[in-house]
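Architecture and fold: a report
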Amino acid sequence: MASVEDTPDGTGKNRLLPRTGTTYDNNSPAVLKLDPWLEPHKDVLKHRYSLVEKWANEIKKSEGGLDQFSKGYESFGLVVQPNGDITYREWAPNAKEASLVGDFNNWDVNANPMTKNDFGIWNVTVPAKAGSPAIPHESKIKASTSPYQQITLVLPDGERIYRIPAWIKRVVQDLNVSPTYDAVFWNPPANERYTFKHPRPKKPESLRIYEAHVGISSPETRVATYKEFTKNMLPRIKYLGYNSIQLMAVMEHAYYASFGYQVNNFFAASSRYGPPEDLKELIDTAHSLGLVVLLDVVHSHASKNVEDGLNEFDGTDHLYFHGGGKGRHDQWDSRLFNYGNHEVLRFLLSNLRFWMEEYQFDGFRFDGVTSMLYVHHGIGSGFSGGYHEYFGPSVDDEAITYLALANELLHDLYPECITIAEDVSGMPALCLPHAIGGVGFDYRLAMAIPDMYIKLLKEQEDSEWNIGNLAHTLTNRRHGEKTIAYAESHDQALVGDKSLMMWLCDKELYTNMSVLTEFTPIIERGMALHKMIRLVTHSLGGEGYLNFEGNEFGHPEWLDFPRVGNDNSFWYARRQLNLTEDPLLRYHFLNDFDRAMQLTEAKYGWLHSEQAFISLKNESDKVLVFERAGLLFIFNLNPTQSFSDYRVGVDVPGTYRIVLDTDDPAFGGLGRNAKDTRFFTTDLAWNGRANFTQVYIPTRTALVLALEDSL
């Protein structure tokens, strides 16, 4: 974290020095230069900035700074000291008595009593035995046959309650006995601890994200493991040309079917997939392949579980969360954090630091940011884009302050760290540094894009697609704020919705995806549009790209975790990645195209280039043409017409060649353009460009052309 010093203007007021070295102008935040429309809200931006500075200064005064403050996991919870003593600290101000219980002391509530300080923090030290920790590695602190948990508290009314430690690093679940988790003391001997061997890769210039869930990463009807992901999925992801992995459902969650979004234990890696050391091996192996690994972090809400979660930890409903209705999310049936509380900030900031240090993650995708930003949590709000929606009383300043502190902390300590916000609202300055008046994220997800595709496929015929609206949705992002584009993520793959391939091909996915069967009009259309939708999204939609595992090849089924409603079946809680390995199935064509698309971007770098110049949006022809990173992209979305000698503008003169063709037979196409075709430019302005060339664009195909000398 940058140091806190006096402002250059000599006022003596403390401010948090920005990591960029630029100076924050309190009279005119630099963000106004990027977006003058923010001028009427200048005072609100200044106020938000001052709140972050205030918290940073208060934490520096009381804790020594955010760096030290975010190391809470080194002092809270169960911590082994160099001499073998185990210290245990827990925040529970409402309790009148507390003691540590477990197998190690035969669940004796009197054996290890704790003492409380003035801030409601309880402490106890368990002395070492012969220089070794008195609590054995992997000993259960909550026996599955016992009602006891690791910390027992006595409330003011005399009631005794039992809780799993808030900072516990390992919990296990035996569904044959109870759905409630047991706390485990994780302290493996040195020879069993995983040692990281590879440094973190540099932050990619172009972020190509493979969104993945460890448990479903197998064609078998069971929960897959960290080990299996390391062995089977990492080489696959590398081969496909992705450079980033976004791991979902790693923070331990109460219910498998929640997709990881009902977190119980924030410092525990899910035991469903194996022990912590296996997750470390997964991340280290990914680093050896040059892949960065992002954690899908859930700080927007928490499980409402009492026995094995944070809810009512000290007998009150307002410890980590807001009390009453403000602390409950009605739609998610979960608890909401109080981001304005000192100890809650310690817990959440330390949680981020822990995952970066202990597991060597490279950054985070913050889930549910829209819910955090607004007191209405986005419920019932359509977000028209009016600036009044971003600066009125509906905005939660405490949550914005937390997110800004989190981003400053992460980027100062880990310069290569990547942070992504899941925000549908379009909050201005969300992806700009705090130094110029922003919240500090690197990217936001372009959540309107997949919604557009579903709407098109559900409600319109292909001939009704509006090319202008398509282009507008793909390019409608805030200047200077980077966006991750995607055609579909896990949200669109879940049961209750359909993946794009399911919308496109429906039941013929089960009858006509073999090369031995008829290439029906439905399958031909589906495969063509599947490739085109991905390519136009990738090349026009943002500064990063995301794909959910299996969708790259048109996975034929949705995703549904075992639950009561499906008789706890794993049939849909898996990814049939083996489908791409059968040369007789057409899925491998889509898989090969996805790889070619990623590798083409890796070569030319359109994601980190300036936004595309769109030269043509022809509504009658259904043709879209644009240039980006020196490439010429030509899309013919017309469902019935092909065009010969179609004139398209291009700025740079020369001879162009095809570098990507959705109609290539290698990708299941009909091969209507020869791979070695050369396209010559004519020195005559066309569609706002200095030159033009003429191309053959068959129906439902896209071409990407590059200058011959760039090949």
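The structure displayed is predicted, hence computed values, not measured ones. (Residues numbered from 1 in each chain as written. Predicted model: local features only at pLDDT ≥ 70, side-chain atom pairs only at ≥ 80, totals over all residues. Heavy atoms only, no water.)

Looking now at a nonpolar patch on the surface. Taken together, Val515, Leu516 and Leu584 make up a surface patch of nonpolar side chains, about 280 Å² in accessible area. Take Leu584: its relative accessible area is 42%, and that puts it in the partly exposed class. (Patch = residues over 30% accessible without salt bridge, like charges linked within 9 Å, V, L, I, M, F, W, Y side chains within 5 Å. Areas by Shrake-Rupley, 256 points an atom, 1.4 Å probe, with all protein chains shown as cover. Salt bridge = Lys/Arg side-chain N within 4 Å of Asp/Glu carboxyl O. Buried < 20%, exposed > 50% of the residue type's maximum accessible area, 1.4 Å probe, protein only.)

Evaluated as defined, the whole model comprises 37 aromatic pairs. Considering the side-chain rings of Trp167 and Phe267, the 4.8 Å spacing of their centres and the 25 degrees angle between planes classify their relative orientation as stacked. Placement of the pair is Trp167 in the loop between β9 (160-163) and β10 (171-172) and Phe267 in strand β15 (residues 263-269), with a sequence separation of 100 residues. In terms of burial, Trp167 and Phe267 fall into one category: buried. Positioned above the aromatic ring of Trp571, the side-chain terminus of Arg574 is 4.0 Å from the ring centre. Arg689 extends its terminal NZ or CZ atom over the ring of Phe613, reaching a point 3.8 Å from the ring centre. (Phe/Tyr/Trp six-rings, centres within 6.5 Å; stacked < 30°, edge-to-face > 60°. Helix = DSSP H or I, 4+ residues; strand = E, 2+ residues; numbered from the N terminus. Lys NZ or Arg CZ within 6 Å of the ring centre and 35° of its normal.)

What follows concerns the sheet that holds strand β28 (residues 655-661). As summarised here, the arrangement of the six strands in space is β24-β25-β26-β31-β28-β29, forming an open sheet in which the pairing is antiparallel. Pairing within the sheet leaves two strands with one partner each, and these edge strands are β24 (613-618) and β29 (678-680). Sheet twist, expressed as the mean angle between neighbouring strand axes with direction ignored, is 25 degrees. As defined by bridge partners, β28 adjoins β29 across three bridges and the pair is classed as antiparallel. For Tyr656, the partnering residue across the bridge sits in β29 and is Phe679. On top of the sheet, helix α11 (residues 467-475) reaches β24 and β25 (623-628); it is set at about 155 degrees to β24, its chief contact. Across the sheet, helix α15 (residues 587-604) is in contact with β26 (631-636), β28 and β31 (701-707); its angle to β28 comes to roughly 140 degrees. (Pairing = 2+ DSSP bridges. Axes fitted to C-alpha atoms, helices over the stretch in contact; angles between N-to-C directions. Contact = heavy atoms within 4.5 Å.)

This part is about the nonpolar core. Counting 184 residues, the largest nonpolar core has Leu247, Tyr320, Trp355, Phe366, Tyr402 and Tyr453 as its most contacted members. Ignoring anything within four residues of it in the chain, the contact list for Trp355 reads Val250, Met251, Phe266, Phe267, Ala268, Ala269, Leu279, Leu295, Gln360, Phe361 and Phe364. Membership of the second largest hydrophobic core comes to 17 residues, among which are Leu616, Val623, Ile634 and Ile658. (Core = buried A, V, L, I, M, F, W, Y, C linked by side-chain atoms within 4.5 Å.)

A few words on the side chain of Thr699. For Thr699, the location among the structural elements is in the loop between β30 (691-697) and β31. Of the polar contacts made by the side chain of Thr699, one reaches the backbone oxygen of Asn638; its length is 2.5 Å. The residues touching Thr699, leaving out its near neighbours within four places in the chain, are Asn636, Asn638, Pro639, Thr640, Gln641, Ser642 and Arg672. (Polar contact = N/O pair within 3.5 Å; in protein donor to acceptor, adjacent residues only side chain to side chain.)

Quick look at the packing of helix α4 (residues 226-240) against helix α5 (residues 276-288) now. Taken N-terminus to C-terminus, the directions of α4 and α5 make an angle of 20 degrees; their axes are 8 Å apart at the nearest point. Regarding the angle of α4 to α5, the classification is roughly parallel. Here α4 and α5 pass one another in a crossing that is right-handed. Taken together, the residues of α5 that come into contact with α4 (itself represented by Tyr226, Lys227, Phe229, Thr230 and Leu234) are Asp278, Leu279, Glu281, Leu282, Thr285 and Ala286. (Parallel < 35°, antiparallel > 145°, perpendicular 65-115°, else oblique. Left-handed = near helix turned anticlockwise from the far one by under 90°.)

Turning to the confidence of the model for the chain, a few remarks are in order. Across the chain, pLDDT averages 93, with 95% of residues at or above 70. The low-confidence segment residues 1-23, where pLDDT is below 50, has 49 contacts with residues more than four positions distant or belonging to other chains. Within the model, the stretch residues 142-149 combines pLDDT values under 50 with 24 contacts to residues more than four positions away or in other chains. (pLDDT = per-residue confidence, 0-100.)

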